[in-house]
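# Remarks on the overall topology
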Amino acid sequence: MTPSQAGRVRQVGLVGMVGMVGMMLTTTPAFAATTAIKAGRLIDPSGRVVTNAVIVIDNDRITSIGTSVPSGAEVIDLGRFTIIPGLIDLHTHMTYYWDRTPGTRPLNQPRRPAGVTTVLAAENARRTLETGVTTVRDLGASNEVDYAMRDLIDMGKMVGPRMFVAGQGISAPRAGAPAPDYAQLADARVAAGSDWVKIYGSRGSYQSVDTTQTLTYAEMKAAVDAAHAKHHRVAIHSYGPSGVKDAVRAGADSVEHGIDLDDETIADMVARGTVWVPTIDHNRYYVDAKDEFGFAPDTIPPLQAYIERNLESTKRAFKAGVRIGMGSDAVYTMFGQNTRELRWFVRAGMTPAQALATATTIPAALLGHEEDLGALAPGYFADLVAVDGDPLADIDAVINQVRWVMKGGTVVVDKR
Ligand SMILES: [Zn+2]
């Protein structure tokens, strides 16, 4: 199912819900289907600040933004705050859960039944919402636990961000094993229920910053073409520059991670509109969480060196006009830190407004949801975040001062 098909399916579900609400209205007149949010300041789709606006919401959608409260609407007064669109994290691993039991580590935990992991991982989903992230693209999970979370959240049975998921990522076989048919693997992911296809084009994860490419250009292209033929989009992981170059040439919709990007690759990304998700902050997290993970001391300097080179490439790519997306690559105890990537983007030369676009309009378009996610406008999902302070002056307002979050018309975080 493509993201737009997913959207249609959800809309069909919503029509059902609207019908139910309609019936409820006849028996419970006190129920207010219309909500009016009084916003002290809001950031409109053009990036301008509008003061004292009233955002009117019917069920899960914004219906108008004006200055008056419709009669009978339930009013939520957010006059002290700045309202920004619900944020989008383009790279999570929501199903990677650790309960912090002393004496255990996040990696190599005993195997749990998929159903247990699904329930436990709800905590990651909740922590993500608390950062103002109301939509994620989850790029790699085992045992279809990500499908389960996506569907439970859509059904309203689990509280969490809306999820676009990849299921099991596609990677090279172990040394010595025959090369698989990558087109067939991509088809299988789509058939199983993945919204996105995730491909591991290189090594590199956790404390390892090994940049060795593991899939050839031809193998990447076979998988990308197969996914695109079924109207699904593709994200390719590559820690090193050769894998990034081949991923872009192969037609990946987004490329994850990467250092030492050359000018040719950067120009190719600009020409093709490839979104680059550099995930700078996830290595900062590994350095900070080294004791939790039990990483060897000699693995830390390479992580720090990777961060610097990752940031350097982000500066150059941004300057050249590459569309850059916010992806945390959050796992385990990183949930709740999903938006710290934005500070690196400001360091890479973005204004706070440009950094905000990496978590709103740019990812919405990548997901094929430019018409209902990532902006505050009529027709969009009522995904709203109230922050203290001025996010256009200081991006830390987004990172540290989220006070209230609405997702699809439902308040999911309230710390006012
Ligand atoms: Zn990842």
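None of the values given here were measured: they were computed from a predicted structure.

What follows covers the domain arrangement of the protein. A common way to report how large an interface is uses the accessible area buried once the components associate. Its domain assignment divides the protein into domain 1 (32–85 + 374–414) and domain 2 (87–366). The C-alpha centroid of domain 2 is placed 29 Å from the C-alpha centroid of domain 1. Within the residue set of the side of domain 1 that touches domain 2, elements represented by two or more residues are strand E4 (74–85), helix H15 (396–400), strand E14 (402–407) and strand E15 (410–414). No other element matches E14, which puts 3 residues into the side of domain 1 that touches domain 2. A class-by-class count of the residues in the side of domain 1 that touches domain 2 yields 14 nonpolar, 2 polar and 3 charged.

Before going further, it helps to spend a moment on the environment of Val255. When you line up the elements, Val255 lands in strand E10 (residues 254–256). As for Val255 and Leu373, which are separated by 118 residues in sequence, their C-alpha atoms are 21 Å apart. Excluding anything up to four places from it in sequence, Val255 contacts Ile236, Ser238, Val244, Ala247, Val248, Thr274 and Trp276.

Burial along strand E13 (residues 384–387) is two-sided: Leu384 and Ala386 facing one way and Val385 and Val387 facing the other are all buried. Two elements, E4 and E13, share 4 bridges in a ladder whose sense is antiparallel. From the neighbouring strand, Pro85 faces E13, where its bridge partner is Leu384. Strand direction decides the pairing type here: E13 and E14, joined by 4 bridges, are antiparallel. Opposite Val387, over in E14, you have Val402 as the bridge partner.

One way to put it is that helix H9 (residues 281–288) packs onto helix H11 (residues 300–320) with a least axis distance of 9 Å and a crossing angle of 155 degrees. Compared by their axis directions, H9 and H11 come out roughly antiparallel. By crossing handedness, the relation of H9 to H11 is classed as left-handed. Here Asn283, Arg284, Tyr286 and Val287 of H9 come into contact with H11, specifically with Ile300, Leu303, Gln304, Tyr306 and Ile307. Across the contact of H9 with H11, the residue classes break down as 6 nonpolar, 2 polar and 1 charged.

Quick look at the sheet that holds strand E12 (residues 323–324) now. The strand order across the open sheet built from 5 strands is E8-E9-E10-E11-E12, with neighbouring strands paired in parallel fashion. Taken across any chain shown, the strands that pair with only one partner, and hence form the sheet edges, are strand E8 (196–200) and E12. Both strand E11 (residues 275–277) and E12 contribute to a ladder of 2 bridges, which runs parallel. Counted as the bridge partner of Trp276 is Ile324 from E12.

Looking at the protein, pLDDT values average 92 and 92% of them are 70 or higher. Segment residues 1–30 is flagged for pLDDT under 50; beyond a separation of four residues in sequence, or across chains, it makes 23 contacts in the model.

The next point concerns unusual backbone geometry. Phi angles above zero are rare outside glycine, and Glu144 is one such case at about 60 degrees. On the neighbour-count criterion, Glu144 (19 C-beta atoms within 10 Å) is partly exposed. Of note in this structure, His257 is not a glycine but carries a positive phi near 70 degrees. Relative to the helices and strands, His257 resides in the loop between E10 and helix H8 (263–272).

Counted residue by residue, strand E1 (residues 34–43) has 7 buried out of 10 residues, so it is predominantly covered. With 9 bridges joining them, E1 and strand E2 (residues 49–58) adopt antiparallel strand pairing. Following the sheet pairing, Lys38 is matched in E2 by Val54. The sheet contact formed by E1 and E4 spans 7 bridges and is parallel. Paired with Thr35 across the strands is Glu74, a residue of E4.

One open sheet accounts for 3 strands, arranged E5-E6-E7; its pairing is parallel. Looking at the sheet topology across the chains shown, the edges are occupied by strand E5 (87–92) and strand E7 (162–165). Direction aside, neighbouring strands of the sheet carry axes that sit 20 degrees apart on average. In the sheet, strand E6 (residues 133–138) pairs with E7 via 4 bridges, with the strands oriented parallel. The residue bridging Val136 from the neighbouring strand is Met163, located in E7.

Our next topic: H11. Under the 1.5 Å per step criterion, the end-to-end length of H11 is 31 Å for 21 residues, consistent within 8% with the ideal 30 Å. Every buried residue belonging to H11 is among Leu303, Tyr306, Ile307, Asn310, Ser313, Thr314, Ala317 and Phe318, and all of these are buried. Along the long axis of H11, the arc covered by the buried residues comes to 140 degrees, so they all point the same way. In H11, the exposed residues that point more than 90 degrees away from the buried face are Pro301, Gln304, Glu308 and Lys319. The inward-facing, buried residues of H11 abut H8, E11, H9 and E12.

What counts and how
- Residues numbered from 1 in each chain as written.
- Predicted model: local features only at pLDDT ≥ 70, side-chain atom pairs only at ≥ 80, totals over all residues.
- Domains from an automatic or database assignment.
- Helix = DSSP H or I, 4+ residues; strand = E, 2+ residues; numbered from the N terminus.
- Nonpolar A, V, L, I, M, F, W, Y, C, P; charged D, E, K, R; others polar.
- Contact = placed C-beta atoms within 7 Å.
- Buried ≥ 20, exposed ≤ 12 C-beta atoms within 10 Å, placed from the backbone.
- Pairing = 2+ DSSP bridges.
- Axes fitted to C-alpha atoms, helices over the stretch in contact; angles between N-to-C directions.
- Parallel < 35°, antiparallel > 145°, perpendicular 65-115°, else oblique.
- Left-handed = near helix turned anticlockwise from the far one by under 90°.
- pLDDT = per-residue confidence, 0-100.
- Expected span 1.5 Å × (residues − 1).
- Arc of directions from axis to C-beta.

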